[in-house]
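Coordinate inspection notes
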Amino acid sequence: MAEDPTLSLRVSEIKDPTVLFERYGTAEIRRVERRVRGEIEQKKEELRQMVGERYRDLIDAADTIGEMRQCSESVVRSIQDMQRYCLRLKQSPAGPSRRGPEVSGQWQEKFYTMASQIKLLLEIPERIWSAMEASQYLQATQLYLLCCHLHGLLQLDAATGGHYSPVLTRFPILVRQVATTGHFRSTILLDSRSLLRGRAVSDQAIAEALVSTMLLEDSSPRQALADFLLARKASIHQLLNQPQHGAGIKAQVCSLVELLVTTLFQAYAVFYLPPEGGARPGEATLSCGMLFSILENVTSTTPGAAKGRKVLQEDTSTSSWFKYLPPSITAFQPALRTLAQPIQREQLRDSLQQWITTCKEDISRGVGGLLVYVKSLKGLAAIRDAVWDLLSTDSISQHWSSVCQRLLEQRLAVWDDFLQQLFLQRLQAITREETEAISASSVQLLTSALRDLERQSLHPSTATNPISGRGAQYEVDVASFLWSESPGDLLSDASWVSVSQRGQQQQKSGLAMKTQALTPCVQNFCSSLDAKLKARLEDLQHYLPSQDVGSDSVSQTASGPTEGLFDSSFNRYTDSPAVEEALREGCLACVHHILSAIRCELASASPNPSQARLSSVLFMARLCQSMGELCPNLKHCILGKQMGCEATSRGTPRQGKKLGKSRTAPEVSPAEAKWTGLKEELLNCSMEAYRIWSSALSKVLLDKFGKCLHAESAGAILRTATNWEDLEIQEEAESGTSVTSKIRLPVQPSWFVQSLLFQLCVEVNRVGGHALPRPTLQELLQTCLGQALQYYHNLAQQAHDTESVFPMTQNRALQLLFDLRYLNTTLGRKMEEGKSSRSHQDPRFQEVCDWLESYIDPFDLDVFTLPLSTNLSRLTQRTSVLLGLLTGSEKQFGQRSSSVNSQEAYNVLPLASSQIRFGLLPLSMSNVRKPKSSPQSSSGIPQQLTL
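Definitions and limits used
Residues numbered from 1 in each chain as written. Predicted model: local features only at pLDDT ≥ 70, side-chain atom pairs only at ≥ 80, totals over all residues. Heavy atoms only, no water. Helix = DSSP H or I, 4+ residues; strand = E, 2+ residues; numbered from the N terminus. Buried < 20%, exposed > 50% of the residue type's maximum accessible area, 1.4 Å probe, protein only. Contact = heavy atoms within 4.5 Å. Areas by Shrake-Rupley, 256 points an atom, 1.4 Å probe, with all protein chains shown as cover. Core = buried A, V, L, I, M, F, W, Y, C linked by side-chain atoms within 4.5 Å. Pairing = 2+ DSSP bridges. Axes fitted to C-alpha atoms, helices over the stretch in contact; angles between N-to-C directions. Parallel < 35°, antiparallel > 145°, perpendicular 65-115°, else oblique. Left-handed = near helix turned anticlockwise from the far one by under 90°. Phe/Tyr/Trp six-rings, centres within 6.5 Å; stacked < 30°, edge-to-face > 60°. Lys NZ or Arg CZ within 6 Å of the ring centre and 35° of its normal. Salt bridge = Lys/Arg side-chain N within 4 Å of Asp/Glu carboxyl O. Expected span 1.5 Å × (residues − 1). Patch = residues over 30% accessible without salt bridge, like charges linked within 9 Å, V, L, I, M, F, W, Y side chains within 5 Å. pLDDT = per-residue confidence, 0-100. Nonpolar A, V, L, I, M, F, W, Y, C, P; charged D, E, K, R; others polar.

**With respect to the overall build of the chain**
- Helix and strand counts for the chain stand at 36 helices and two strands.
- The buried share of the chain, reckoned over its 947 residues, is 40%.
- Counting only contacts in the chain whose residues sit at least 6 apart along the sequence, the fraction spanning at least 24 positions is 78%.
- Accessible surface for the chain amounts to roughly 54,500 Å². Of this, 54% is attributable to carbon and sulfur atoms.

Here it is as structure tokens:
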């Protein structure tokens, strides 16, 4: 579609219509016409709007020009009238001379008097503004009252019939001055009350501002006291409600304390009057009764005390018109309508007490709201120390006690009564929030670790993070962690720093962790928890006295506020026990929360945990077992400052023992009792987790054992058979000759018995059996033995009740009897000194033995008993090293250890007392070479390490 050529045509270019008819057609010309007419209408509308908007301005301008013309004409006429009046005065000089000289002098004096008053009246506003700019409100008040007095003298306020007074008629300029003066009263009152709110205002300025208020409102001293306290209460509200932009919370609290203290000091300086007849207390340093002294000087009419004249006396030597002022002006003194009675001490005390009570409620709400923004104990301690520094200054501490005693008849402790409880509540809230956050993060970390362990147990090869995957693998198989090497196994200073010289706070080596079977996951969890508790403890130390300050604070608290320093300041550390108790309760709640989460996990895992859950159960068992040791800051948080005193307190009983003194049972503090209770809870939780593991392990192993034991097919029984030994025995025949015969006896237990013990030993070593609690290991062995006896007992019951497919033969009975006695010797409780071996024996053991012996010929049983016992003893000795932890460290064979020193209760390798480089080497059984080292043991006590 072609473009219309008329669209590019501008209206301003149309000059000759003929050219349009030559260039365009009819339709195009009509379009140009419509376009031109549209623009014409648009311009008309714009012109119409412009005229409408500017019309008012034009009318106002015209009116203004007319008023200016009329004003100029009026001025011209007034000047012409003045010229004619002056001309008539010059033409009639004999007029005034007709009067007498006395009349002329009186008229001139009155004129000058009125002129000087008008002059003073015109200058007073400027002087009032100057005095207010200099914060001299009392001087401004005196000038204002003088101005009101001048209004009365000049009758400027009298208006009859709506007409001005004669003076205003003669001097129209005074009309505006009268209107201006009316605003001074409210302005002076407003500024005076604003001055009362300031903290850094002198006592003199406060007293003058109160006197100004009394003169302007004609009020009493009690009303002035109420105004002063009300202004200070408003100042407290302003401090508490100001936005948190410029000054911090510490500055606000310090300003609040400063305002409280300053208010009492200024109430003493302004309102307090000493008893009549007594000396004014503290005349050298503190002044009092300034309100009444200033009020007396301002309103007194005696010549010696007239202080108000100084306002006008300044211009006596400089102003020539000042001498024409009448005495009522020069000697003007403000006056109160009622006599200013001094405030009674009881009234002053009650007013201040009521004000303090009201402010205490406001401060409790306001400061409590401000402290919400303080998120650390370090910040609270900084605010507390700043308040202490403020109250300990000489200007406050020297006279605080005496001022409070005279005003309130009691001592006012600003920190104890106003702030201490607020700070303690905020501290407890911060501690509770932080410990709850620690417990929540710890439970989250525990849940994450448990999920990783279950994932690693189910899918060992799908570890996304190699480090975390390796840690989870170590939890599943602790033996791989124990026998792995890492750079941190030995500390860098292990060559020259012995174990005894290392503090408990120092880092432990990797070998030390492996000896306790503390896997990386356990170490990571405990180190994370310990780091968070350490941060809490370090934050708490800012609120507690340091080691070098602690003794001083204790002595200061014990001596009491005897010195001037403690009359206004306070002991910052009086609430230290409550602070430590808050952290103690928070840490206990944190650990209890973690324990509750662990117990929930254990409850969900029992009674039949899967193999994947067993790793988690063992992790929680090791965690509860080692948390008290791997988290030393947990102990510090619960015991508090007592840790520093343990070294000195432990030395006294030992010295008393050396001196032969009677020892008394040490008193257990509540903190120590809570720490002991917490360790017991951790231990019980650990034992509960180990019990779940041992129950699951024994059930799995003994189920296989029972299936093999109750096998009824000949092939299954033969598959479990082991080697028998041929023995030659000599017996004496009836003829007296010796007869040699061969017998066959078992020398090895059945394969399922060996498999049971070996798998049990493997499982125990896989979870770090050397670090298992002894009760847990004993319970595991006893459970396995009890279930094995139950299977034997069930076998005996089945043999009595039904006919077995495979009958019980003498050889099978011998093998089962040998197996049973071997199990009882390996898994049963070992003999203790002075106790019979049958004291802890299960009665089912003897029943099963009797049942098995019933299938053996009595003559053969009598022959087999001694060789069978010998084989059993030899087998036990051979497998003691292989089975390791299952056999225990007790001495099992008295005949082989009879020559050993009876004082050696454990199988350890004695070392020379001078050797400290290497650790002690544990042995698997008793040292049979001990008599060779007996001369050494008699000369010196060897160092031993107990397993």
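**Thoughts on the nonpolar core**
- Phe271, Leu419, Phe619, Trp693, Phe705 and Leu760 are the most contacted members of the largest nonpolar core, which has 218 residues in total.
- Excluding its chain neighbours within four sequence positions, the residues that come into contact with Leu419 are Val253, Val257, Ile363, Val367, Val387 and Val414.
- Listed in part, the six residues of the second largest apolar core include Tyr474, Phe481, Ala517 and Ala771.

**Here's the deal with the side chain of Glu208**
- Of note, Glu208 is situated in helix 8 (residues 203–217).
- Take Glu208: its relative accessible area is 19%, and that puts it in the buried class.
- With sequence-adjacent residues up to four places away left out, Glu208 is seen in contact with Leu138 and Ile294.

**So, the pairing of strand 1 (residues 724–732)**
- Both strand 1 and strand 2 (residues 738–746) contribute to a ladder of nine bridges, which runs antiparallel. By the bridge assignment, Leu727 is partnered in strand 2 with Ile743.

**Here we look at the packing of helix 22 (residues 520–541) against helix 25 (residues 576–605)**
- Packing of helix 22 against helix 25 leaves a shortest axis separation of 11 Å and a crossing angle of 165°. The angle between helix 22 and helix 25 places the two elements in the roughly antiparallel class. In this structure, helix 22 meets helix 25 at a crossing whose hand is right-handed. Counted together, Phe525, Leu529, Leu533, Arg536, Leu537 and Leu540 of helix 22 and Val579, Leu583, Cys587 and Ile594 of helix 25 form the full contact between these two elements.

**A look at the packing of aromatic side chains**
- All told, the structure shown has eight aromatic pairs when counted by the stated rule.
- A centroid spacing of 5.0 Å and a plane angle of 20° characterise the contact between Tyr268 and Tyr272, whose relative ring orientation is stacked.
- The rings of Phe705, Phe752 and Tyr792 are connected pair by pair, giving a single aromatic cluster.
- Above the ring of Tyr543, the side-chain terminus of Arg384 is found at 4.3 Å from the ring centroid.
- The ring of Trp388 carries Arg572 above its face, with NZ or CZ at 4.0 Å from the centroid.

**Quick word on the pattern of salt bridges**
- Tallied over the entire structure, the rule returns 28 salt bridges.
- Arg48 is the partner of Glu45 in a salt bridge, and the nearest nitrogen-oxygen pair spans 2.5 Å. Of this pair, Glu45 and Arg48 both sit in helix 2 (residues 26–91), three residues apart, which is roughly one turn of the helix.
- For Arg48, a relative accessible area of 52% corresponds to the exposed category.
- Of the charged contacts, one joins Arg365 and Asp362 as a salt bridge, the two residues approaching to 2.7 Å between their closest N and O atoms.

**What about helix 31 (residues 751–766)?**
- Taking 1.5 Å as the rise per residue, helix 31 with 16 residues should run 22 Å; its terminal C-alpha atoms sit 22 Å apart, in good agreement.
- Gly768 sits one or two positions beyond helix 31 and adopts a positive phi of about 75°.

**So, unusual backbone geometry**
- We note that Asp218 has phi near 55°; this positive angle belongs to a residue other than glycine.
- Tracing the backbone shows Asp218 in the loop between helix 8 and helix 9 (221–241).
- One non-glycine residue with positive phi stands out, namely Glu409, at about 60°.
- Along the chain, Glu409 turns up in the loop between helix 17 (400–408) and helix 18 (414–458).

**Some details on the environment of Ser401**
- Inspection of the secondary structure puts Ser401 in helix 17.
- Residue Ser401 is classed as partly exposed on the basis of its relative accessible area of 27%.

**Considerations on a nonpolar patch on the surface**
- Among the surface-exposed residues, Trp107, Phe111, Tyr112 and Tyr324 lie close enough to one another that they form a single nonpolar patch of about 430 Å² accessible area.
- Tracing the backbone shows Trp107 in helix 3 (residues 101–133).

**So, the confidence of the model for the chain**
- Residues at a pLDDT of 70 or more form 74% of the chain, whose mean pLDDT is 77.
- Of all helices and strands in the chain, the one with the weakest mean pLDDT is helix 36 (residues 934–939) (36), whereas helix 25 scores best (91).
- Low confidence marks residues 549–568, where pLDDT is under 50. Its contacts with residues over four positions away, or in another chain, come to 22 contacts.

**Details of the environment of Gly586**
- The topology assignment puts Gly586 in helix 25.
- A residue is classified by how much of its surface remains accessible, and Gly586, at 8% relative accessible area, is buried.
- As a C-alpha pair, Gly586 and Thr435 span 151 residues in sequence and 5.5 Å in three-dimensional space.

**A few points about the packing of helix 8 against helix 10 (residues 249–271)**
- The N-to-C vectors of helix 8 and helix 10 enclose an angle of 60°; their axes lie 10 Å apart at closest approach. With respect to their mutual orientation, helix 8 and helix 10 come out oblique. For the pair helix 8 and helix 10, the crossing hand works out as right-handed. The segment helix 8 lies against helix 10, with Asp203, Ile206, Ala207 and Leu210 engaging Gln266, Ala269, Val270 and Phe271.
- A breakdown of the residues in the contact of helix 8 with helix 10 according to their chemical character gives six nonpolar, one polar and one charged.

**Points about the side chain of Arg622**
- Tracing the sequence through the fold places Arg622 in helix 26 (residues 611–630).
- Not counting chain neighbours up to four residues away, the residues in contact with Arg622 comprise Glu475, Val478, Ala517, Thr519, Val522, Tyr690 and Val767.

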